[in-house]
Amino acid sequence: MSLNGIWELKKIALRNLARHKVKTVLTSAAIMISVAVYIFMSSWLGGMAVESRRNIVNYDMSAAKLQTKLYFERKDELPSYENFKNWERYRDALNREGFNAAPRFVFNGTLFSNSGSAPMRFNAVDPAAEKSVLHYASYVDFGRYPQNGMFELAIGTTAAEKLRVGIPTRPRRLELEELIRQAAQSDTPNEEFIRSLYETANMSGGLFNVAAETHIAGNERMALKRNVSRGDLDRLWELIAATDRNNVRINAVIDIKAVPETIRPTLWEGELMTSLREEDKELVEAAYTYEEFIGVYLLTEEDEARKDQILSAMIRAGFRGAVRHVNQLVDAVVVGVINSPDPVPNGNIGYIPIDVLQDESGMMLEGAVTELLIRRKDAPYTELPGADESSKAIAAALERGLGEPLPDYLAVFFWMDYMKDYLGYEALQTTAPQVLAALLLFISFLGISNTILLAVLERTKEIGMMRALGMTDRQMITAYMLEAGFLGFIGSVLGMILGCIVNYPMVEYGLNISAMADSLGNSGVGFRVTAIMRSVWNIPVIFGSGITATVLASFMAYFPTRRAVKMPITDSLRFE
Amino acid sequence: MREIHRILVIKGVYRMVVIKAENVTKDYALDGQVVNALRGVSLEFGSGEFSAIAGPSGSGKSTFLHLAGCLDTITGGTMTVDGADAGKMSKQELALLRRNKIGFIFQAYNLIPVLSVEENISFPLTLLGINKKEIKERTAKVLKEVGLADMAKRRPKEMSGGQQQRVAIARALIKKPAIILADEPTANLDSTIGREILELMVALNKSEGTTFIFSTHDTMVMDYARRLIRIRDGQIESDVVK
Ligand SMILES: Nc1ncnc2c1ncn2[C@@H]1O[C@H](COP(=O)(O)OP(=O)(O)OP(=O)(O)O)[C@@H](O)[C@H]1O
Ligand SMILES: [Mg+2]
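Note that this is a predicted model, so its numbers are computed, not measured.

1. Regarding the site of ligand 1
Close contacts around ligand 1 come from 16 residues, with Ser57(B), Gly58(B), Lys61(B), Ser62(B) and Thr63(B) the closest. Nearby residues place ligand 1 at the junction of chains A and B. For ligand 1, an oxygen atom lies 2.5 Å from a polar atom in the side chain of Ser57(B). Thr63(B) places a polar side-chain atom, nitrogen or oxygen, 2.5 Å from an oxygen atom of ligand 1. In the complex, 77% of the free accessible area of ligand 1, which totals 630 Å², lies under the protein chains. Every element with two or more residues in the shell around ligand 1 is listed here: α22 (569–574) of chain A together with β2 (13–30), β3 (33–46) and α1 (61–68) of chain B. Per-element accounting of the shell around ligand 1 gives the leading share, three residues, to α1(B). A breakdown of the residues in the shell around ligand 1 according to their chemical character gives five nonpolar, seven polar and four charged.

Structure, rendered in structure tokens:
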């Protein structure tokens, strides 16, 4: 078809749209709204995704971790035996290159309180370093963050509620009375003080109707008042801390890889020597001497670096003797409860200073760590790690700082490398609302399809005449697809504009979720919501939805028009 | 596909055959019944003829014009239009044949309501891909010929029936087709205006040599025609050249 022909078809399409103004306005308004809603929802979901990624980085992961490669391979099991020593040189090297680094020894265990126990993940941390790479420490709701040299724990709010440690936020009346009895110690002003901080939980205002519970005396749900001042909370915490409510015990089995001090000859001959690689044999043999007197091979190597090499060799050989089990009970006191915007530090998790766990009174870590969290020194709180914090960039900086390559059993892993599962989940989570928005889009296209169908029907005679004049089927279909495309285009452009207008305040100011949660009443939401939700601009989505809507709209004209041109022309012309 | 044009001699004038129907039949299926609209029609039309097909209502006049204009497919026989067998052509080829060779004028005018008078008239030229300048010149010329020069910008619904039919004639004429098929072009018009329209067509037939085939009940149209074909129950009753 000639260009001229298309031009003429465009003219007819536009004229037809102008002829049926009301229909044009209604149909394009439907498209406009669904495009706008789609843009709005995608931006909102995008904002949520960015927000939760930011939270993961800021409160849980930092930008990257230095770990042994073997640890990373089995990271889901928290393989504490895949640890490494001499981490201080890596930290110092990173510091020199403008990065903060925080050592951690991560292990699984059980935490016992006076009222129960819970499986926990423990992070043995250096408090100062931890605060230099992560921000959850400023979300210690009650109490404070643990200090070096003390058997102190900060635990997540979920664990605190479960173990009945610290300040209860939603106790039953009887529990509260018991707490008052212990904490106030018959001191009336203290008793009244504690009582004044609680009120009966407001059931009717909440999301859930739990009124039935209140019928049993003493079983009523109480709630910590919303507007309690920080000073009063600190005073309450002090009173509670004076009781044994916050005393806990950690039970953990830690497997630590270590070069064995002694090796029995049967193990030496039967296992170690048969499984070692040829090139490693010499190294190991040189490090041990056989003591005829006690009948064992004794470690004589002193050099830490060589010991590391020997350990690697033994691990490569799969030698069982290179792992040391430590089963320890450690008494500690909970000094703080964490309630951050990210769920991980709020869960069944405990943070304890690493320095108290080094010897027999702790976990016998002896300088081993499982990971070094890494963040650029002035990394902005609001942005996700960029290219300058990629695993490559950090590894390069680290090697620069070290002046030598990283040992080959260690590697830097970017936060995303850990998040594969999460990111998949995130994608899944954002599909459901997207599907909903797409459905809306689809419904508005039924509108278009209906408009076009009626138009085609109404203009049957006109179509017959145009065909009689020699217009081909393809030209006719093109004409109507153009018309529907214009309809989609108008709606899309307006929808893109509207979408951006409603999106603007959501990106600039966001929505204060905590204010919203407050207005729902103080019951219902069992945890504190702190975040301000912001949308993000997603340019591909904005243009993509506009273009998709236009293309889809024009496609909607295909079938009705094809049906119309299948009709014999004479029938079209006779059509009334 | 194209056969050598036959030559027809009518009253001593040599004419090229533009339409040749051989034993054409057309059946319609209507509510499970078969209507035999045409029962074996054989006719030849030469270039420049000015003929009328007359017959009672339902006799098959419109059906024949539609088949001659390639708007529908024949049931039996052969229909040769401008030397090509219409039964053997694809939809696309038929559309191009109509575009290039045939002009239609209908009783119901069938103008495109969203286009102005001049846009309606120039529509066939646009389909032919003719350049804007030439379209403009030819439209102006044809508008003058049909006496609508001052109504170029109007929309069809702002005009009388007679004026609309002139637009339809101008639209059929502008591409200088070999054949113009006019299905009861004066049926909706009063006799004075009908006469004007007929005069116009006679003039165009003389000046441009365009072949006209009408269908009609109208005795006035029959009087104007130089060849009168009578049809009844789908069969030719008589074919008289005056
Ligand atoms: N598309 C169709 N479907 C079914 N039957 C049809 C169709 N077109 C025409 N017919 C029938 O074929 C016969 C011939 O119709 P046609 O329209 O050719 O008559 P006509 O001579 O033009 O009549 P009129 O003077 O009323 O216009 C009639 O019986 C008519 O009912
Ligand atoms: Mg008829």
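2. A look at the interface of chain A and chain B
Often, the extent of an interface is quoted as the loss of accessible area on bringing the components together. If you look at the interface, chain A gives 28 residues, while chain B gives 30 residues. Counting the contacts that link chain A with chain B gives three salt bridges. With a shortest N-O distance of 3.6 Å, Lys11(A) and Glu119(B) are connected by a salt bridge. Remark: the boundary between chain A and chain B carries eight residue pairs in polar contact (both at pLDDT 80 or more). Sorting the residues of the side of chain A that touches chain B by element identifies α1 (3–19), α17 (460–468), α18 (473–508), α21 (558–566) and α22 of chain A as the ones contributing at least two each. Broken down by element, the residue count for the side of chain A that touches chain B peaks at nine residues, all from α1(A). The class makeup of the residues in the side of chain A that touches chain B is eleven nonpolar, eight polar and nine charged.

3. Looking at the sheet that holds strand β7 (residues 102–106) of chain B
All names here are of chain B. Sheet architecture is open: six strands sit in the order β7-β8-β9-β4-β10-β11, paired in mixed fashion. Because the sheet does not close on itself, it has two edges, and the strands there are β7 and β11 (235–241). If you compare each strand with its neighbour and ignore which way they point, the axes differ by 15 degrees on average. The pairing of strand β4 (residues 50–54) with strand β10 (residues 227–232) spans four bridges and is classified as parallel. Across the sheet, residue isoleucine 53 finds its bridge partner in β10, namely isoleucine 229.

4. Describing the sheet that holds strand β9 (residues 262–263) of chain A
All names here are of chain A. The three strands lie next to each other as β9-β11-β10, forming an open sheet whose pairing is antiparallel. The sheet terminates laterally at β9 and β10 (288–291), the two strands that pair on one side only. One ladder, built from four bridges, connects β10 with strand β11 (residues 296–299); its direction is antiparallel. Bridging across to β11, threonine 289 finds its partner in leucine 298. Sheet strands touched by helix α11 (residues 278–287): β10 and β11. Its angle to β10, the strand with the most contacts, is close to 50 degrees.

Parameters and conventions
Residues numbered from 1 in each chain as written. Chains lettered and ligands numbered in written order. Predicted model: local features only at pLDDT ≥ 70, side-chain atom pairs only at ≥ 80, totals over all residues. Heavy atoms only, no water. Near = heavy atom within 4 Å. Polar contact = N/O pair within 3.5 Å; in protein donor to acceptor, adjacent residues only side chain to side chain. Areas by Shrake-Rupley, 256 points an atom, 1.4 Å probe, with all protein chains shown as cover. Helix = DSSP H or I, 4+ residues; strand = E, 2+ residues; numbered from the N terminus. Nonpolar A, V, L, I, M, F, W, Y, C, P; charged D, E, K, R; others polar. Contact = heavy atoms within 4.5 Å. Salt bridge = Lys/Arg side-chain N within 4 Å of Asp/Glu carboxyl O. Pairing = 2+ DSSP bridges. Axes fitted to C-alpha atoms, helices over the stretch in contact; angles between N-to-C directions.

What is shown is where atoms sit, not what they do.
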